[in-house]
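# Topology and contacts: notes
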Amino acid sequence: MKTKGAILRGAPGKFETAEIELEKPRTGELLIRMAAAGLCHSDDHMATGDIPAGSYPLCGGHEGAGIVEEIGPSTLGWEVGDHVVFSFVPACGHCHWCAIGKQNLCDLGANMLAGTRFEDTTSYRMSIGDEPVGQMCGLSTFSEYTTVSVNSAVRVDKSLPLDKLSLLGCGVGTGWGSAVNAGQVGPSDTVIVMGVGGIGTSAVQGAAHAGARDVIAVDPVAFKRETALKLGATHAVASIDEANELARTLTNGAGADVAIVTVGVTTGQHIGQAIGAIRKAGIVVATGAGPATVSDVPINLLEFTMSEKKLVGALYGQSSPMAMIPRLADLYSTGHLKLDEMITQTYTLDQIAQGFEDMHAGSIIRGVVLFD
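Description of the structure in this document.

All right, on to the packing of aromatic side chains then. In this structure the tally under the stated criterion is four aromatic pairs. Measuring from centroid to centroid gives 5.4 Å for Phe15 and Phe142, while their planes differ by 80°, and the two rings are edge-to-face. One end of the pair, Phe15, is in the loop between β1 (2–8) and β2 (16–22); the other, Phe142, is in the loop between β8 (131–135) and β9 (145–149), with 127 residues separating them in the sequence. Summarising the burial analysis for this pair, Phe15 and Phe142 share the class buried. One aromatic cluster is present, built from ring pairs that chain together Phe15, Phe142 and Phe356. Between the NZ or CZ atom of Arg155 and the centre of the ring of Trp78, over which it lies, the distance is 4.5 Å.

Attention now moves to the pattern of salt bridges. Under the counting rule described, the total for this entry stands at 16 salt bridges. Glu23 is paired through a salt bridge with Arg26; the nearest N and O atoms lie 2.9 Å apart. In this structure Arg26 comes out as partly exposed when scored by relative accessible area, which is 40%. Residue Asp163 pairs with Lys164 through a salt bridge whose shortest N-O separation is 2.8 Å. Members of the salt-bridge network, linked through shared partners, are Glu29, Arg117 and Arg125.

By the element assignment, Arg117 lies in the loop between α2 (96–99) and β7 (126–128). Looking at Arg117, the relative accessible area reads 5%, which means it is buried. Once you skip the residues sitting within four places of it in the chain, Arg117 turns out to touch Glu29, Ser123, Arg125, Gln135, Gly138, Thr147, Val148 and Ser149.

Now for the nonpolar core. Membership of the largest hydrophobic core comes to 64 residues, with the highest contact counts inside it found for Phe142, Leu165, Leu168, Leu328, Leu337 and Ile352. Among the nonpolar cores identified, the runner-up in size contains 20 residues, and Val193, Ala210, Val215 and Ile283 belong to it.

Here the focus is the packing of helix α4 (residues 171–182) against helix α10 (residues 321–333). The geometry of α4 relative to α10 is characterised by a closest axis approach of 11 Å and an angle of 95° between their N-to-C directions. When the axes of α4 and α10 are compared, the pair comes out roughly perpendicular. Here Val172, Gly173, Trp176 and Asn181 of α4 lie close against α10, whose contacting residues are Met324, Leu328 and Leu331. Tallied by class, residues from the contact of α4 with α10 come to five nonpolar, two polar and no charged.

Taken across its 10 residues, helix α8 (residues 268–277) has seven buried, putting it largely inside the fold. Residues of α8 that are buried: Gly268, His270, Ile271, Gly272, Ala274, Ile275 and Ala277. For α8, the elements touching its buried residues are β11 (190–194), α7 (240–250), β14 (256–261), β15 (278–286), α9 (301–306) and β16 (310–313).

Looking now at the side chain of Asp44. Within the secondary structure, Asp44 is located in helix α1 (residues 41–48). Here Asp44 occupies a buried position and makes no salt bridge, while the nearest side chain of opposite charge, Lys14, is found at 9.4 Å. Dropping the residues within four chain positions of it, Asp44 is found in contact with Phe356 and His360.

Each value, and the rule that gives it
- Residues numbered from 1 in each chain as written.
- Predicted model: local features only at pLDDT ≥ 70, side-chain atom pairs only at ≥ 80, totals over all residues.
- Heavy atoms only, no water.
- Phe/Tyr/Trp six-rings, centres within 6.5 Å; stacked < 30°, edge-to-face > 60°.
- Helix = DSSP H or I, 4+ residues; strand = E, 2+ residues; numbered from the N terminus.
- Buried < 20%, exposed > 50% of the residue type's maximum accessible area, 1.4 Å probe, protein only.
- Lys NZ or Arg CZ within 6 Å of the ring centre and 35° of its normal.
- Salt bridge = Lys/Arg side-chain N within 4 Å of Asp/Glu carboxyl O.
- Contact = heavy atoms within 4.5 Å.
- Core = buried A, V, L, I, M, F, W, Y, C linked by side-chain atoms within 4.5 Å.
- Axes fitted to C-alpha atoms, helices over the stretch in contact; angles between N-to-C directions.
- Parallel < 35°, antiparallel > 145°, perpendicular 65-115°, else oblique.
- Nonpolar A, V, L, I, M, F, W, Y, C, P; charged D, E, K, R; others polar.
- Lys, Arg positive; Asp, Glu negative; His and termini not counted.

This is the structure in structure tokens:
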């Protein structure tokens, strides 16, 4: 069948719409009619070339939700009409990492950016003429229809709005888990969140839900600081230096218990600043992505060792998506997680490039592409 999708022909580049030939689902696959797709900074990293794609052209999008239109042969457990949220990290359910409850590190993720099927790097499901088209994270949520592996699909309650739930597949789970799982935020903690876009505001909500006494949002954009205060932050400042000083004032000079780095384009300097802002035995969570070539983090090793500080990475918030996505959906349905307030602008498929320009301008928390 034919579908319309937003593709990158190379990097650096901009998303443009094109007609794409889409294959029917094979065994273990689903054909999905898209309802909504979130605009995540990771797709912009693909456009800038900060994160290299395995193949071009590439149909973008890895955060989204839709409805099952067709089920591959001998694929059990699914029905046409099921509502699904995609997990941008696949989960096979039987590798070592899935078996110990760390689905976010599933072995299938090794080929997440190849543009192909996870288990076969020669197999594509999209094409333009004779040219294969890669799928971002095996998904391509920037397409009216897409064919995906069941390892990337999570069934959700049909009574909940898919445009809101679309955020759970990446940004919200990543941010929330960065606070609750990776940061181990607990009651009375003081937490700094650096960068409060879609992932950062989710980290703010996760920290507040976990019982943090102080949640300090850091962002140079006033609009984002104001939004963070509405979503659970107790303080909002423009710079990490201000946050560091405030945290020490609030903790009798000790510093923050946890600092979560969710800056859109993260650098080693951001990580170093976060480490300098935490107390002894505090935790820095590195969540934001930066250029693949960056490897320098300015850390005073003596202080780092003697103060027993911790630096941890967080992919999808150290969460298992098959468990976390339904849990977050339940938190949303019961009013404990705010999603409506995070969506500050909606776009059509043809407006995706504009959406990323708005992201760079700092005028949105999360933009969402609507297909219906």
